[in-house]
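One letter stands for each residue in the lines below.
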There are 2 protein chains.
Amino acid sequence: MQQTKRNGTEACKSAMSSVKDALYVLNGKWKLPLIIALREGPRRFNEIQKELVDITPKVLSKELRELELNEFVVRKVYHTVPVTVIYELTPYSSSVSPIIEALKEWGEQHRERIVKHRKEEPVTA
Amino acid sequence: MQQTKRNGTEACKSAMSSVKDALYVLNGKWKLPLIIALREGPRRFNEIQKELVDITPKVLSKELRELELNEFVVRKVYHTVPVTVIYELTPYSSSVSPIIEALKEWGEQHRERIVKHRKEEPVTA
DNA sequence: CTGCATCCTATAGGATACTG
DNA sequence: CAGTATCCTATAGGATGCAG
C-alpha cells in the first residue's frame, strides 16, 4: 500500500481522532483548572468558587456535574445543618495529569516567549 | 508562612494560570487537529480542508490566521496561475508536541474505558 | 451554604453562495 | 484555487435573584 498522494496517513488520522475525543471531554475554560484546584484536596462548593476566582455558581455547578459524569469527581453530601457538600477527585482523575503537566510547561514557556518578544520590539506608537 | 486554611497553594495557582494561558491559545475544536494534519507536511488550503473533513472554509481560514499569529504556521504564497498557497508548520509549533502526545494517549485510553463500561452494563431499555 | 431559575450577551461554529 | 460575505444556530458563559 503506497502513499503516492499526500493523503493523511493512518497514524495521523488516528492521532487526530484521539485528540478530538480528549478535547471533547476536557473542553471549556474551567474543566482542567477545576481539576487542578481539587488536587489540593477535597473542597466545598464555595471554596472552589473562591479559588477559581471568576466562575459563577451556575457555571461551576454545570462543570462539576460534567466532571462527575466523566468520573473525575465524586460529590459527597453530609446531612449537617445546613447541608455540607464535598467534591473530591477520583483515582481516575489522575489519568489527566500528563495533560495538565504538558499544558503547564508549555503555558509557562509560551508566556516567557511572549514577554521576550515584547522587549525586543520598539514601543508601539 | 503557614498554610492553616485550605487556600490554594502558590504552586496550584501558578499551575492554574499557566494551564489557562495554554488553553487560551490552543482553544477551540480545530487548532490541535490542524497542527496534527500539518505535521504530515506542508499543505494547501483545500488539502487541509479535506483532511479535517468537517471544517468549512470560513472556519479554516480563521483558525489558520490565528495559528499564524501565534507563529505555529507560516503562509507561503506562490504567484502561479492560479495562485498557490502553502501552509507549513514553524519550528516553534513542535513545542506543542508533548501536549498532543498527552492528549492522544489519554483519548485512546479513555475511549477504551468507555467501551469497556458499556459492555459491563446490561442493555439499556 | 448549595445551588437552581431566569435572563442575557458574546462567541464558536456551520450552511450557502459568491469573488479575484 | 483560495478564500470572503452573509446569514444562521447552538453553546458558553455571565448577572442577578431566589429557594431548600
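Whatever comes next refers back to the structure up there.
Here the structure is a predicted model, which means the values were calculated and not measured. Here the residue index of a chain counts from 1 through its sequence in written order. Chain labels run from A onward and ligand labels from 1 onward, assigned in the order the entries are written. Given that the model is predicted, a residue must reach a pLDDT of at least 70 before its local features are reported, and side-chain atom pairs must reach 80 or more before they are shown or counted; all residues, however, enter totals for whole chains, interfaces and linings. Side-chain measures were taken over the full set of non-hydrogen atoms in the model, leaving aside hydrogen atoms and water.

K.L.:
What exactly am I supposed to notice about the overall build of chain A here?
P.N.:
Broken down by element type, chain A carries 5 helices and 3 strands. Numbering of helices and strands starts at the N terminus; helices are DSSP runs of H or I of at least 4 residues and strands are runs of E of at least 2. The helix and strand sequence of chain A, counted from the amino end, reads α-α-β-α-α-β-β-α. A globule of 125 residues ought to have a C-alpha radius of gyration of about 14 Å, yet chain A, at 20 Å, is considerably larger. Reported as C-alpha extents along the three principal axes, the dimensions of chain A are approximately 70 × 55 × 25 Å. Think of it in three bands: residues with accessible area under 20% of the maximum for their type are buried, residues over 50% are exposed, and the middle band is partly exposed, with areas taken using a 1.4 Å probe on protein chains only. Within chain A, buried positions represent 38% of all 125 residues. Counting every atom, chain A has about 7800 Å² of accessible surface; 55% of that belongs to carbon and sulfur. Here the positive residues are Lys and Arg and the negative ones are Asp and Glu; neither His nor the chain ends is included. Taken as the charge centre is NZ of Lys, CZ of Arg, CG of Asp or CD of Glu, depending on the residue. In chain A, which carries 21 positive and 17 negative side-chain charges, the distance between the mean positions of the two groups comes to 5 Å. The size measure is the radius of gyration over C-alpha atoms, and the globule rule it meets is 2.2 Å times the number of residues to the 0.38 power. Every accessible area reported is derived by Shrake-Rupley at a probe size of 1.4 Å, with residue values counting cover from the shown protein chains alone.

K.L.:
It is not clear to me how the environment of A:Pro33 should be interpreted in this structure. Could you clarify?
P.N.:
Summarising the element assignment, A:Pro33 is placed in helix α2 (residues 31–38). When its relative accessible area of 0% is taken as the criterion, A:Pro33 is described as buried. A:Pro33 sits 19 residues away from A:Leu52 along the chain, and the two C-alpha atoms are 7.5 Å apart. When residues no more than four places from it in sequence are discounted, the contact partners of A:Pro33 are A:Leu52, B:Met16, B:Lys20 and B:Leu23. For this analysis, residues touch if any pair of their heavy atoms sits within 4.5 Å.

K.L.:
Explain the environment of B:Val115 to me, please; I cannot follow it from the model alone.
P.N.:
All names here are of chain B. In this structure, Val115 sits in helix α5 (residues 97–120). When its relative accessible area of 38% is taken as the criterion, Val115 is described as partly exposed. Expressed as a C-alpha distance, the spacing of Val115 and Glu71, which sit 44 residues apart in the sequence, is 38 Å.

K.L.:
I keep staring at the protein's contact with DNA strand D and nothing clicks. Help me out?
P.N.:
A molecule or strand has a residue near it when one of that residue's heavy atoms lies within 4 Å. Surrounding DNA strand D, one finds 19 residues, the nearest of these being A:Lys58, B:Arg44, B:Ser61, B:Arg75 and B:Tyr87. One of the side-chain N or O atoms of B:Arg75 is found 2.6 Å from a phosphate oxygen in DNA strand D. For the surface near DNA strand D, the secondary structure elements donating two or more residues are α4 (57–69) of chain A together with α3 (45–51), α4 (57–69) and β3 (84–89) of chain B. A breakdown of the residues in the surface near DNA strand D according to their chemical character gives 8 nonpolar, 4 polar and 7 charged. Contacts described as polar in this section are N or O atom pairs within 3.5 Å, which, within protein, must combine one atom able to donate a hydrogen with one able to accept it, while residues neighboring in sequence count only if both atoms come from side chains. Each residue gets one of three labels, nonpolar for Ala, Val, Leu, Ile, Met, Phe, Trp, Tyr, Cys and Pro, charged for Asp, Glu, Lys and Arg, and polar for the others, Gly among them.

K.L.:
Any chance you could explain unusual backbone geometry here in plain terms?
P.N.:
Keep in mind that most residues, glycine aside, have a negative phi and that most peptide bonds are trans. Residues and elements named next belong to chain A. Cis geometry is found at the peptide bond from Val81 to Pro82, where omega equals -5°. By the secondary structure assignment, Pro82 is in the loop between β2 (73–78) and β3 (84–89). One non-glycine residue with positive phi stands out, namely Glu71, at about 60°. Mapped onto the fold, Glu71 is located in the loop between α4 and β2.

K.L.:
Just to check I follow, could you spell out the relation of the copies chain B and chain A for this structure?
P.N.:
In this arrangement, two copies of a chain are superimposed by a rotation about an axis accompanied by a shift along the axis. We superpose the copies by least squares over the C-alpha atoms of residues that have a pLDDT of at least 70 in both of them. For the pair chain B and chain A, the best superposition has an RMSD of 0.1 Å and corresponds to a rotation of 180° with a translation of 0.0 Å parallel to the axis. The relationship between the two copies is best expressed as a two-fold rotation axis. For chain B, the minimum C-alpha distance to the rotation axis belongs to B:Ile99 and amounts to 3.1 Å. Comparing interface residues between copies, 100% of those in chain B also sit at the interface in chain A, which points to an isologous, same-surface contact.

K.L.:
Can you help me understand the sheet that holds strand β1 (residues 43–44) of chain B in this one?
P.N.:
Adjacent strands of a sheet pair through backbone hydrogen bonds, lying either parallel or antiparallel. Residues and elements named next belong to chain B. DSSP-based pairing: two strands are paired if at least 2 bridges between them are found. One open sheet accounts for 3 strands, arranged β1-β3-β2; its pairing is antiparallel. The open sheet has two edge strands, β1 and β2 (73–78), and neither has a second partner. Pairing between β2 and β3: 6 bridges, direction antiparallel. Bridge assignment links Val73 to a residue of β3, and that residue is Leu89.

K.L.:
What should I look at first to understand the interface of chain B and chain A in this one?
P.N.:
Where interface size is given, it is often the accessible area lost as the parts come together that is meant. Between chain B and chain A, the contact holds 50 residues from the first and 50 residues from the second. Buried area, as used here, totals the accessible surface that two parts lose on assembly, with accessibility defined by a 1.4 Å probe and the loss added over both. Between chain B and chain A, roughly 4300 Å² of surface is buried when both sides are summed, and carbon and sulfur atoms account for 63% of that area. Put simply, a salt bridge is a Lys or Arg side-chain nitrogen that is within 4 Å of an Asp or Glu carboxyl oxygen. Measuring nitrogen to oxygen at the nearest pair gives 3.0 Å for the salt bridge that ties A:Arg113 to B:Glu71. Sorting the residues of the side of chain B that touches chain A by element identifies α1 (10–25), α2 (31–38), β1, α3 and α5 of chain B as the ones contributing at least two each. The dominant element in the side of chain B that touches chain A, judged by the number of residues it contributes, is α5(B), at 13 residues. Among the residues forming the side of chain B that touches chain A, the class breakdown is 24 nonpolar, 12 polar and 14 charged.

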